[in-house]
Amino acid sequence: MDRHRRQGIGMTSRRTRERLAGRLGDAGIRDVHVLNVIRQIPRHLFVDEALASRAYEDTALPIGHGQTISQPFVVARMTEILIRHRIPGRVLEIGTGSGYQAAVLAALVDRVHTVERIRALYERSRALFRQLDIRNIRQRLSDGHEGWPAAGPFDAILLTAAPVVIPQTLFDQLAEQGELLAPVGSGESQALRIHRRVEGAIETEDIEAVSFVPMLDGLE
Ligand code: SAH
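Residues numbered from 1 in each chain as written. Predicted model: local features only at pLDDT ≥ 70, side-chain atom pairs only at ≥ 80, totals over all residues. Heavy atoms only, no water.

Peer 1: Teacher, can you tell me more about the environment of Arg-77 here?
Peer 2: Relative to the assigned elements, Arg-77 resides in helix 4 (residues 72-82). Taking C-alpha positions, Arg-77 is 6.5 Å from Ile-29, a pair spaced 48 residues apart along the chain. Once you skip the residues sitting within four places of it in the chain, Arg-77 turns out to touch Ile-29, Ile-207 and Glu-208. Of the polar contacts made by the side chain of Arg-77, one reaches the side chain of Glu-80; its length is 3.2 Å. (Helix = DSSP H or I, 4+ residues; strand = E, 2+ residues; numbered from the N terminus. Contact = heavy atoms within 4.5 Å. Polar contact = N/O pair within 3.5 Å; in protein donor to acceptor, adjacent residues only side chain to side chain.)

Peer 1: Could you clarify how one ought to interpret the nonpolar core in this entry?
Peer 2: Proteins that are soluble and globular tend to have nonpolar side chains buried together. Membership of the largest hydrophobic core comes to 49 residues, with the highest contact counts inside it found for Leu-24, Phe-46, Tyr-100 and Leu-181. Elements with a contribution of two residues or more to this core: helix 2 (14-26), helix 3 (32-40), strand 1 (61-64), helix 4, helix 5 (100-106), helix 6 (119-131), strand 6 (154-159) and strand 8 (190-198). Top element by residues in this core is helix 4. It accounts for seven residues. Each residue touching Leu-181, except ones within four places of it in the same chain, is listed here: Met-78, Ile-81, Leu-82, Ile-157, Leu-158, Leu-159, Leu-192, Arg-193, Ile-194 and Ile-207. Within the second largest apolar cluster, 17 residues are counted, among which are Phe-154, Leu-170, Leu-174 and Met-215. (Core = buried A, V, L, I, M, F, W, Y, C linked by side-chain atoms within 4.5 Å. Buried < 20%, exposed > 50% of the residue type's maximum accessible area, 1.4 Å probe, protein only.)

Peer 1: Got a minute to help me understand the packing of helix 2 against helix 3 in this structure?
Peer 2: Each pair of packed helices can be described by the angle between their axes along with the distance between the axes. One can describe the packing of helix 2 onto helix 3 by two numbers: an axis separation of 8 Å at closest approach and a directional angle of 150°. In terms of orientation, helix 2 and helix 3 fall into the roughly antiparallel class. Note on packing geometry: the crossing formed by helix 2 with helix 3 is right-handed. Seen from helix 2, the contacting residues are Arg-14, Arg-17, Glu-18, Leu-20, Ala-21, Leu-24 and Gly-25; seen from helix 3, they are Leu-35, Ile-38, Arg-39 and Gln-40. For the contact of helix 2 with helix 3, a count of residues per class yields five nonpolar, two polar and four charged. (Axes fitted to C-alpha atoms, helices over the stretch in contact; angles between N-to-C directions. Parallel < 35°, antiparallel > 145°, perpendicular 65-115°, else oblique. Left-handed = near helix turned anticlockwise from the far one by under 90°. Nonpolar A, V, L, I, M, F, W, Y, C, P; charged D, E, K, R; others polar.)

Peer 1: Sorry, what's going on with the pairing of strand 3 (residues 90-94) here?
Peer 2: Along strand 3, four of the five residues are buried, which leaves the element largely enclosed by surrounding structure. In this sheet, strand 4 (residues 111-116) lies alongside strand 3 in parallel orientation, the contact comprising five bridges. Bridge pairing in strand 4 places Val-91 opposite Val-112. Relative to strand 6, strand 3 is paired through four bridges, and the arrangement is parallel. Bridge pairing in strand 6 links Val-91 to Ala-156. (Pairing = 2+ DSSP bridges.)

Encoded structure:
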């Protein structure tokens, strides 16, 4: 990658990121640490070069293979929720996709584990993390329905693809006081739901409506 692309010029400049962070603040993102990370991470590198000029709009964008990079507001919101009480030590993300959400989290927590079912996306995000010198993300090519049993239990689990029902396996990998954040449902829009493990039982709360791609079975 050439120097200009790495540093960001024109539509991908620092000022453009600053504007995005400002918009997210206006839209209700309160956590300054989250907004600072949005200011730092070059989202244009996580989308195709042809879409780079749109990378700092607050919209989801295609990343190939029928998948999308999540809308910045939703990434910021989910991140803000996961760190609102404490910084979780071990985090698992289901649906690496472009890697943007994982990169945002990795700037705020010790270690992120992330799984993806599409090999091409797994490989592309792996190369990008290396290029950006992000070292605290562990990745696996696998079906997220299995979670990542050997790396758990997790203080936080987030799903960035929507299941109709959250797999029990994922609850089994949630630590005491841990939180699982997921879009749940089969329609165009789903409920963003937070589940907390309290003394063995699971407490559930609906946050807001969101729109994610569906969680699918098997590898691709
Ligand atoms: N967090 C991503 C969002 C990507 S879209 C980002 O920041 O870009 C959701 C991703 O979930 C897609 O890449 C899709 O392939 C993946 N996915 C869907 N079902 C999955 C499953 N069962 N296991 C792992 N990944 C899955």
